[in-house]
Amino acid sequence: MRAFWSAEESRGKSALDLLVYRSNLLGHDPTIVNWKGGNTSAKADAIDHAGRSQRVLWVKGSGSDLRTITPKGFVALRLEEILPLERRQAMPDEEMVDYLMQCMLRPDSPRPSIETLLHAFLPFPHIDHTHPDAVIAFCTADGGEALTRRAFGDRVIWVPYQRPGFALSRAVAEAVRARPRAQAVFLAKHGLVTWGDDAASCYESTLAIVKEAEAGLARDARAAAFGGPRVSALAPDPRNEMLGALLPRLRGAVSARRPAILHVDVAPDVVEFVSSEQFDRVALVGAACPDHLVHTKYLPCVVPADPAVGLERFSTTALEAVGRYAEEYRVYVAAHRRPGDPEGDPHPRVILLPGLGMVTTGSDKEAAERTAGLYHRAIAVMRGASALSAFTSLTPQEAYDVEYWPLELYKLSLAPRPRELSGRVALVTGGAGAIGRAIAERLAAEGVHVGLMDIDEPGAAEAARELESRYGAGRAMALPANVTSEAEVGAAFRRMVLAYGGLDIVVSNAGLALSRTVEETTAADWDRLFAVLARGYFLVAREGFRIMRAQGRGGAVIFITSKNAQLAGKNSSAYNSAKAAEEQLMRSLAEEGGAASIRVNAVAPDAVLRGSKIWSGDWRRERARDHGIEERGLEEFYRNRTTLKVNVFAEDVAEAVVFLASDRAAKTTGCTVTVDGGIPGAYPR
Ligand code: ZN
């Protein structure tokens, strides 16, 4: 839905507030403005720190998104200091950035956009620079200049491609000066520049040009986009089954440099594109917009296969395609690299799977989703340009110069530094309980994407929501499942794989306890404890092993056991025995996983009372009775019986889990780490 300019909402606003309002309206529409792409400006008078009135250019600062930008996202620059630059013949990027930083009215403003001079050199009071799909279709169409002239007459000025910066800004200003009655500039292979005397007319002008371009495309659209279907798309169930098996292998293949999060996109426009006759030819022409390629890379990885050949053959072809992509990317970098350029990750960001959809990769879920969002724009541009004539793109050199442009890399450097476990994926069972939540929280703080498996569905959902609110959308998910059910455990792992692409860490923590003498313990009691503690740990570990093996990048499995696995407490024979079974299972799996770098370890806590569900029920009363003390004296009782005279908290358990999950424990497997304050009878030996 395109937003309309409201005279009422805009009434009485300052120049800067109107600029914010206009930017938010534009940013609202992803077919006009890319994520964090485009920039807007207004020229107005402003008062500086000394009380003097100055003519300033308000322009978007680096790192903001027009959809959500606020006044703080804009920077005011002294116009009279910038304008003389236009008389220069050339200006290197670094010098331009440095110069503009000296023109800022406030030193605490964000760094001005790399397209600032474009706004400064044009004489209009209000300017929008956007990357609308329909306009870029003209800008990337073969023979686009003639097509643009035919559709827009001399109202639109065509400026040949060059990378944004001083020279492009000057070329645009010169072209507009020569044709002062033009309404807009089309930047070849790039985007749109529009203007107005006031904020509202600038907005209307952008919208009018976009609408006209859309109408032009609709006129020329051919019946079957991209030559019609080549392979048939799979129905959701077989598709998910195939993706469930394929994604961990793909994730392993693209994570050689750093663990990647995968995102699956099966939107109709994507599936139509990847299943079409011409998609590979069109997709391999190049990026649809310089603004995309920092996130999508110059080319996607095209998998030349039909899912009808079956999982194994499809998967082999896909892995070969990813391997080939990385080789070709290294060749591309080697051919264009300048001394000092960073060495980028050679793995694809966009993988196109005929009949299935698109898989995108990123350092986190948000980045992978953002790349998918941009590739939707690319598909729309390719469709439009193909309808007009044929899609064209930047040359490899032009693409490299944008991808490794220091000013673009600077924008990326504004992102927070990666944490120790960034890009990794963990599944935690008992994720709604006190220990499970503490573990999930601590892992999330280190950058892990966490799946919270629990039989308590609302509890898991609430815990996931809380993690997302703290660490970002997509960073956690609830996985309602009973750990004793083979089918439910399998389905939960599948959901996790479809959401993130794979798995690096499994924490088996779901549990319950029972305090009974052996005579009181029923067969049902015994079975229930063994079902959750022994069978549940087995089912969860087995599923984790399957995915980790398919991924081929090792992994960490961590069992939360108990001091009781080593030291038999009184009146809890079923619990003690099941906990001992977990520890022996841990050692067995450590032996099995070693060759695949899957490390299996245990954390053995004792008496984690605070916040615990186990300790809020009968168990608490029963343990107090067994120790012959009052319930309220339990904390003190447990503290006093430890060597260190401390109580054990859920966060203490979480700390040990993070260590065992991390590469700091890369050489530790088959080990039980005690977190019990020191219980001599339970010292592992
Ligand atoms: Zn641009």
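Just above sits the structure.
Cut-offs and rules
- Residues numbered from 1 in each chain as written.
- Predicted model: local features only at pLDDT ≥ 70, side-chain atom pairs only at ≥ 80, totals over all residues.
- Heavy atoms only, no water.
- Helix = DSSP H or I, 4+ residues; strand = E, 2+ residues; numbered from the N terminus.
- Buried < 20%, exposed > 50% of the residue type's maximum accessible area, 1.4 Å probe, protein only.
- Contact = heavy atoms within 4.5 Å.
- Areas by Shrake-Rupley, 256 points an atom, 1.4 Å probe, with all protein chains shown as cover.
- Lys, Arg positive; Asp, Glu negative; His and termini not counted.
- Charge placed at Lys NZ, Arg CZ, Asp CG, Glu CD.
- Pairing = 2+ DSSP bridges.
- Axes fitted to C-alpha atoms, helices over the stretch in contact; angles between N-to-C directions.
- Donors = N, O, S within 2.8 Å, 3.2 Å for Na, K, Ca; no water.
- Tetrahedral: all angles 85-135°; square planar, octahedral: opposite > 155°, others 65-115°.
- Expected span 1.5 Å × (residues − 1).
- Parallel < 35°, antiparallel > 145°, perpendicular 65-115°, else oblique.
- Left-handed = near helix turned anticlockwise from the far one by under 90°.
- Nonpolar A, V, L, I, M, F, W, Y, C, P; charged D, E, K, R; others polar.

Visitor: Outline the overall build of the protein, supporting the account with residue identities and numerical values.
Guide: Secondary structure assignment for the protein yields 25 helices and 18 strands. For the protein, the spread of C-alpha atoms along the principal axes amounts to about 100 × 65 × 50 Å. Here the protein holds 685 residues, and the buried ones make up 57% of them. Taking the intrachain contacts of the protein between residues at least 6 apart in sequence as the baseline, contacts between residues at least 24 apart amount to 72%. Of the roughly 28100 Å² of accessible surface on the protein, a fraction of 52% belongs to carbon and sulfur atoms. Put simply, the protein has 82 plus and 85 minus side-chain charges, and the middle of one group is 2 Å from the middle of the other.

Visitor: I'd like a rundown of unusual backbone geometry, residues and numbers included.
Guide: Located in the positive-phi region is Lys189, a residue other than glycine, with phi close to 55°. Position of Lys189 relative to the elements: it lies in the loop between β6 (184-187) and β7 (191-196). Backbone geometry places Ser597, a non-glycine residue, at a positive phi of 60°. For Ser597, the location among the structural elements is in the loop between α22 (573-593) and β17 (598-605).

Visitor: I'd like a description of the sheet that holds strand β3 (residues 74-78), backed by residues and values.
Guide: Read from one edge of the open sheet, seven strands run β3-β2-β1-β4-β7-β6-β5, paired in mixed fashion. Whereas interior strands pair on both sides, the edge strands pair on one side only; in this sheet they are β3 and β5 (156-159). Pairs of neighbouring strands in the sheet enclose a mean axial angle of 25°, with direction left out of account. In this sheet, β6 lies alongside β5 in parallel orientation, the contact comprising four bridges. Directly across from Val159, in β6, lies its bridge partner Leu187. Across the sheet, helix α8 (residues 166-178) is in contact with β5, β6 and β7; its angle to β5 comes to roughly 145°.

Visitor: Could you give me a rundown of the coordination of the zinc ion, with the residues and numbers involved?
Guide: Protein coordination at the zinc ion: the donors are Glu115 (OE), His129 (NE2), His131 (NE2) and His190 (NE2), at 2.1 to 2.5 Å from the metal. Considering all four donor atoms around the zinc ion, the spread of angles at the metal, 84 to 168°, places the coordination shape in the irregular class. The sequence pattern formed by the donor residues of the zinc ion is E-x13-H-x1-H-x58-H. One end of the pair, His129, is in strand β4 (residues 126-130); the other, His190, is in the loop between β6 and β7, with 61 residues separating them in the sequence. Assigned by exposure class, His129 and His190 land together as buried.

Visitor: For the environment of Leu57, give the residues involved together with the corresponding values.
Guide: Structurally, the position occupied by Leu57 is in strand β2 (residues 53-60). Note: C-alpha distance between Leu57 and Gly433 (376 residues apart in sequence) is 54 Å. Once residues lying within four places of it in the same chain are set aside, the contact partners of Leu57 are Ser41, Ala42, Lys43, Val75, Ala76, Leu77, Leu79, Thr116, His119 and Ala120.

Visitor: Please set out the sheet that holds strand β16 (residues 555-560) residue by residue, giving values where relevant.
Guide: Pairing is parallel across the open sheet formed by seven strands, whose spatial order is β14-β13-β12-β15-β16-β17-β18. Two strands lie at the open edges of the sheet, namely β14 (476-480) and β18 (672-675), each paired on one side alone. Taking the axes of each pair of neighbouring strands and ignoring which way they run, one obtains an average angle of 20° across the sheet.

Visitor: Can you lay out helix α15 (residues 365-388) for me, pointing to particular residues and giving the numbers?
Guide: Compared with an ideal rise of 1.5 Å per residue, which puts 24 residues at 34 Å, α15 spans 35 Å between its outermost C-alpha atoms and is within 8% of the ideal. Burial within α15 is extensive, with 18 of its 24 residues counted as buried.

Visitor: Describe the packing of helix α18 (residues 434-445) against helix α25 (residues 650-661), listing the residues and the values that go with them.
Guide: The angle between the axes and the distance between the axes are what describe a pair of packed helices. Between α18 and α25, the least distance of the axes is 8 Å, while the angle of their chain directions is 45°. By the angle between their directions, the pair α18 and α25 is classed as oblique. In the crossing of α18 with α25, the sense of the turn from one axis to the other is right-handed. Contacts from Ala434, Ile435, Ala438, Ile439, Arg442 and Leu443 in α18 reach Ala650, Glu651, Val653, Ala654, Glu655, Val657, Val658 and Ala661 in α25. For the contact of α18 with α25, the per-class residue count stands at eleven nonpolar, no polar and three charged.

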